Amino acid sequence: MEHLSVAQSQSEINEDMSLKNHPPDKDTDKDTSMEQPTSPRHRKVLARWLPDEAQRPIVDEAPVFSPSLEEFEDTLAYIEKIRPLAEPYGICRIIPPPTWTPPCRLKEKTIWEHTKFPTRIQNVDLLQNREPMKKKPKSRKRKRRRNSRMGSSRRRSASASASGSGSGSSPSEPASSPEAEEKFGFNSGSDFTLEEFEKYAQHFREAYFEKKDSVGETKFTPSVEDIEGEYWRIVEQPTDEVEVYYGADLENVVLGSGFYKKGDRDMDQYVVSGWNLNNLPRLPGSVLSFEDCNISGVLVPWLYVGMCFSSFCWHVEDHHLYSLNYHHFGEPKVWYGVPGSNATALEKAMRKHLPDLFEEQPDLLHGLVTQFSPSILKDEGVQVYRVVQNAGEYVLTFPRAYHAGFNCGFNCAEAVNVAPVDWLAHGQNAVELYSKETRKTSLSHDKLLLGAAYEAVKALWELSASSVGNESTTNLRWKSFCGKNGTLTNAVQARLRMEEERLADIDRESSSLVKMEKDFDSNCERECFSCFYDLHLSASGCKCSPDEYACLKHSDDLCSCEEKDRFVLLRYTMDELSSLVRALEGESDDLKIWASKVLGVQHSDEYQNKTISVIKEEEDKKLKEGSFDLNIDLELDCLENPKEEEVSTSGEINTSENFSASVEPINLGFLIFGKLWCNKHAILPKGFTSRVKFYNVLDPTRMSYYISEVLDAGLMGPLFRVTLEESPDESFFNVSAQQCWEMVLQRVKHTSTNLGLTTLPRLESINGLQMFGLLSQSTVQAIEALDPNHRLIEYWNHKNQTQSESKDHFISSNCSVSLTKGKLFGVDLM
């Protein structure tokens, strides 16, 4: 295969020939930080574009969002707003308002012309099609590749931090270690200034895509689609060797940030904005703000200086964090994203098609050096979406969303991680997965979780003492994550259950439980000796090894000492953590206890009783006024008209037998204006998703969560799907919401009969729309707000007719709470 090189003089070509006849000394060749004169920078571009063999993947585009100036003011609030729409794609593009034009610090002359940065050499033709290093022939013949040393490349000790990375190497690791020599990676390349790199990148692209006519060579500017088709041809069906440079994962000490920071210049909107990536990770509401260390690439942005074909290979973010990438200047970046729900499917597909590489290196995807065709992923049933990011635009990736891509020419981007509160559940899954894979963590997840809980306690306490109208925006935001079934409450409760189960498995006397010192992990990282699980919340130890600890899962593996010498350290007892959950739910006594822990609050009993009395009066007042807090309860035992809402084929609902469900809306979806997408009882948004508890179809003695979704069945209109959350294979489809949930009910009855269960409540019928959450007054109002012009005629005609017959008919005497106030998906309710 032909090789990519750049030559600047005949003497250098002669030097190449000399090197060919007299290979370098072996010891010298092992030093991959010393770029040879045969490197891409010193040779002529010989590979050429083959447009007739283009392999451009045909995949759907990810959503694009254009926030208004008002929406753009609050970064995390905007991410929270678009999450229900964007997360199913794993990736999205955000185009700032036209007035957002932050000056780029990198264009200062002292940086642009005089500051050097390191690069890596990427062999694009080997990103997918390569042999395992152990099976690679010693004298592999490849045209125009001289002194190839891919086997001795250095590998990063940790996985990618911020999106846009395209490397698996680290300048801090020795290149000659046996492990490094067995793994494919990227060699260190030349150091460049930005000015030098731009010239080199432009020369490469012009030479590679040059066209010849009858007169001679002519300059040609390829489109993004031209470059994309050629890139995947090189990756999937290479005919030439193509080597490029990438200035990836550039730490702050190299070039610094592209954004001006506090202290760099006078304070302005760009310095203090949440969209300035130096500020993003620690914004109020991001749980990364509770991390003390400035972890490079996670809390401190990294820069990426690219050229045509330079690549960032498939990966997810550390700890399955969100990432935000800003394109400072230059040619576009092409991204591909896979939603987190398809992460396992992507891994399975890549293992299927690259078995030899995974056999040699099971953690291949952690190295960030393997690209894979979106076309093949799509053929394997993996959802893949595409984004073209232009200068001045952001790309947001979601938790556990695999992403990859390449650059179309000289450009510069910057990326960092962020962790809104909804990330906590994803982060917990990540550390459990890391434990199974015996993989080190870079964050203490429990420290972030407790930090968020402390901040929420502080907010709830201050709100309980403040007068109406004087609440701070930050406190109100934290309150929105609390209450029964609140995002933060659920995250703490899930962690509590995990600890309870693991303590029960240890089966030790309570005397072996010891209170953990507050500064147990303040001065050093504490991790399990076996699986590297973080030990901030609990640790198992023994007198025989005072400096070594295990997580609760590996407690018995620590040593073989007698039980009396072993102990378990607990930062909080299970009772204390249960109290914390109740405090987050709004229980005043528990809130007082935790406020005293977090804030050092100490009041007299008289003041405490007065405070509790005031809180109770406020609660009673809210009930009388009919106020409704979505974060405390979402009860669906209030129907507009139970008899009219009945759509069951089995006849009229007997409300005493009907199941009373509490439904959690997850994704509001969006409207399709067609006859099939509504009926007289409900509007049916495409993409609507909710979560509800019901009898488990596999074990009806248990209540489990189900995910209800409204999908698009094409000409048939909406397709309703209900899935058992803990067992996704248990999924029910129907073009009727009613029939869909009746299938679940019938399956529960069938399983109960087979198991001989006779103690379950008698359930003769079920309301499908109610179980989906489409009859909840709060959800109905939010959905109705999406159709202000009343284009879904059948629904609105029936609603108007019903309201004219009885203005107050929808308030049932059976309602436990009147819904008159609140917000859902940012929509004011009543």
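Residues numbered from 1 in each chain as written. Predicted model: local features only at pLDDT ≥ 70, side-chain atom pairs only at ≥ 80, totals over all residues. Heavy atoms only, no water.

### Thoughts on the overall build of the protein chain
Helix and strand counts for the protein chain come out as 24 helices and 28 strands. Counting the 830 residues in the protein chain, one finds 53% classified as buried. Here the contacts in the protein chain between residues at least 6 apart in sequence split such that 77% fall between residues at least 24 apart. For the protein chain, the accessible area works out to roughly 37,500 Å², and carbon and sulfur atoms hold 49% of it. (Helix = DSSP H or I, 4+ residues; strand = E, 2+ residues; numbered from the N terminus. Buried < 20%, exposed > 50% of the residue type's maximum accessible area, 1.4 Å probe, protein only. Contact = heavy atoms within 4.5 Å. Areas by Shrake-Rupley, 256 points an atom, 1.4 Å probe, with all protein chains shown as cover.)

### Observations concerning a negative patch on the surface
Together, Glu-500, Glu-501, Asp-505 and Asp-575 make up a region of like negative charge exposed at the surface. Among the elements that make up the negative patch, the one with the highest residue count is helix 16 (residues 487–506) (three residues). Along the chain, Asp-575 turns up in helix 17 (residues 574–585). Under the relative-accessibility criterion, Asp-575 is labelled exposed at 64%. (Patch = residues over 30% accessible without salt bridge, like charges linked within 9 Å, V, L, I, M, F, W, Y side chains within 5 Å. Salt bridge = Lys/Arg side-chain N within 4 Å of Asp/Glu carboxyl O. Lys, Arg positive; Asp, Glu negative; His and termini not counted. Charge placed at Lys NZ, Arg CZ, Asp CG, Glu CD.)

### Brief notes about the pattern of salt bridges
In total, this model carries 37 salt bridges according to the counting rule given. Residues Lys-597 and Glu-576 are paired through a salt bridge, measuring 3.3 Å at the closest nitrogen-oxygen approach. On the criterion of sequence distance, the pair formed by Lys-597 in helix 18 (residues 588–599) and Glu-576 in helix 17 is long-range, its members being 21 residues apart. Because the salt bridges share partners, they merge into one network encompassing Arg-56, Glu-61, Glu-225, Glu-228 and Arg-386.

### What to know about the sheet that holds strand 16 (residues 394–397)
What the nine strands build is an open sheet, ordered 3-4-16-13-18-11-10-5-6; its pairing is mixed. What marks the edges here is a single partner per strand, and that holds for strand 3 (64–65) and strand 6 (187–192). Pairing geometry for strand 3 and strand 4 (residues 91–94), over two bridges, is parallel. Residue pairing across strands places Phe-65 opposite Ile-94, the latter belonging to strand 4. (Pairing = 2+ DSSP bridges.)

### Let's talk about helix 15 (residues 473–480)
All buried positions along helix 15 are accounted for by Asn-475, Arg-477 and Trp-478. Within helix 15, the buried residues cover an arc of 160 degrees as seen down the axis, which keeps them to one side. (Arc of directions from axis to C-beta.)

### Describing the pairing of strand 15 (residues 385–389)
When you tally the buried positions in strand 15, you get five out of five residues, the bulk of the element. Burial of strand 15 is two-sided: the residues Tyr-385, Val-387 and Gln-389 facing one way and the residues Arg-386 and Val-388 facing the other way are all buried. Strand direction decides the pairing type here: strand 2 (residues 60–61) and strand 15, joined by two bridges, are parallel. Residue Asp-60 lies in a different strand from strand 15, and its bridge partner there is Tyr-385.

### Remarks on the side chain of Thr-119
Its place among the elements puts Thr-119 in strand 5 (residues 117–123). Engagement of the side chain of Thr-119 in a polar contact is seen with the backbone oxygen of Ser-190, the distance being 2.7 Å. Dropping the residues within four chain positions of it, Thr-119 is found in contact with Asn-187, Ser-188, Gly-189, Ser-190, Asp-191, Phe-192, Phe-197, Tyr-245, Tyr-246 and Gly-247. (Polar contact = N/O pair within 3.5 Å; in protein donor to acceptor, adjacent residues only side chain to side chain.)

### Describing the confidence of the model for the protein chain
The predicted model of the protein chain has a mean per-residue pLDDT of 79, with 75% of residues at 70 or higher. Note on residues 602–658: pLDDT under 50 across the span, and 101 contacts to partners over four residues away in sequence or across chains. Considering only residues more than four positions removed or in separate chains, one finds that residues 825–830, a stretch of pLDDT under 50, has 25 contacts. (pLDDT = per-residue confidence, 0-100.)

### Looking at the pairing of strand 12 (residues 311–315)
In terms of burial, strand 12 is a largely internal element, five of the five residues being buried. Two elements, strand 12 and strand 17 (residues 402–407), share three bridges in a ladder whose sense is antiparallel. Looking at the pairing, Ser-311 lines up with Phe-406 of strand 17.

### As for unusual backbone geometry
If you check the backbone angles, Leu-368 has positive phi at about 60 degrees while not being a glycine. Given a relative accessible area of 2%, Leu-368 falls into the buried group. Although it is not a glycine, Arg-400 adopts a positive phi angle of roughly 55 degrees. For Arg-400, the position within the fold is in the loop between strand 16 and strand 17.

### Some details on the nonpolar core
Core analysis: the biggest nonpolar cluster contains 70 residues, and Tyr-208, Phe-309 and Trp-314 have the highest contact counts within it. The biggest single contributor to this core is helix 7 (residues 194–208), with seven residues. Counting 69 residues, the second-largest nonpolar core is a separate cluster that includes Leu-76, Leu-450, Leu-580 and Val-581. (Core = buried A, V, L, I, M, F, W, Y, C linked by side-chain atoms within 4.5 Å.)

### Quick notes on the environment of Cys-412
Structurally, Cys-412 is set in strand 18 (residues 411–418). With relative accessibility at 0%, the residue Cys-412 sits in the buried group. What Cys-412 contacts, discounting residues up to four positions off in sequence, is Leu-106, Leu-303, Tyr-304, Val-305, Tyr-326, His-327, His-328 and Phe-329.

### Observations concerning the packing of aromatic side chains
Enumeration over the complete set of coordinates arrives at 40 aromatic pairs. Note on Phe-192 and Tyr-200: the rings are 5.9 Å apart at their centroids and 40 degrees apart in plane angle, and the pair reads as tilted. Judged on exposure class, the residue Phe-192 and its partner Tyr-200 are both buried. Considering the side-chain rings of Phe-520 and Tyr-549, the 5.1 Å spacing of their centres and the 85 degrees angle between planes classify their relative orientation as edge-to-face. Here Phe-520 is found in the loop between strand 19 (513–515) and strand 20 (538–542), whereas its partner Tyr-549 is found in the loop between strand 20 and strand 21 (566–570), with 29 residues between them in sequence. According to the relative accessible area criterion, Phe-520 is buried, its value standing at 8%. Each residue in the set Trp-49, Phe-204, Tyr-208, Phe-209, Tyr-231, Trp-232, Phe-309, Tyr-336 and Phe-406 is aromatic and connected to the rest through ring pairs, giving one cluster. Sitting over the face of the ring of Tyr-705, Arg-691 holds its NZ or CZ atom 3.5 Å from the ring centroid. (Phe/Tyr/Trp six-rings, centres within 6.5 Å; stacked < 30°, edge-to-face > 60°. Lys NZ or Arg CZ within 6 Å of the ring centre and 35° of its normal.)

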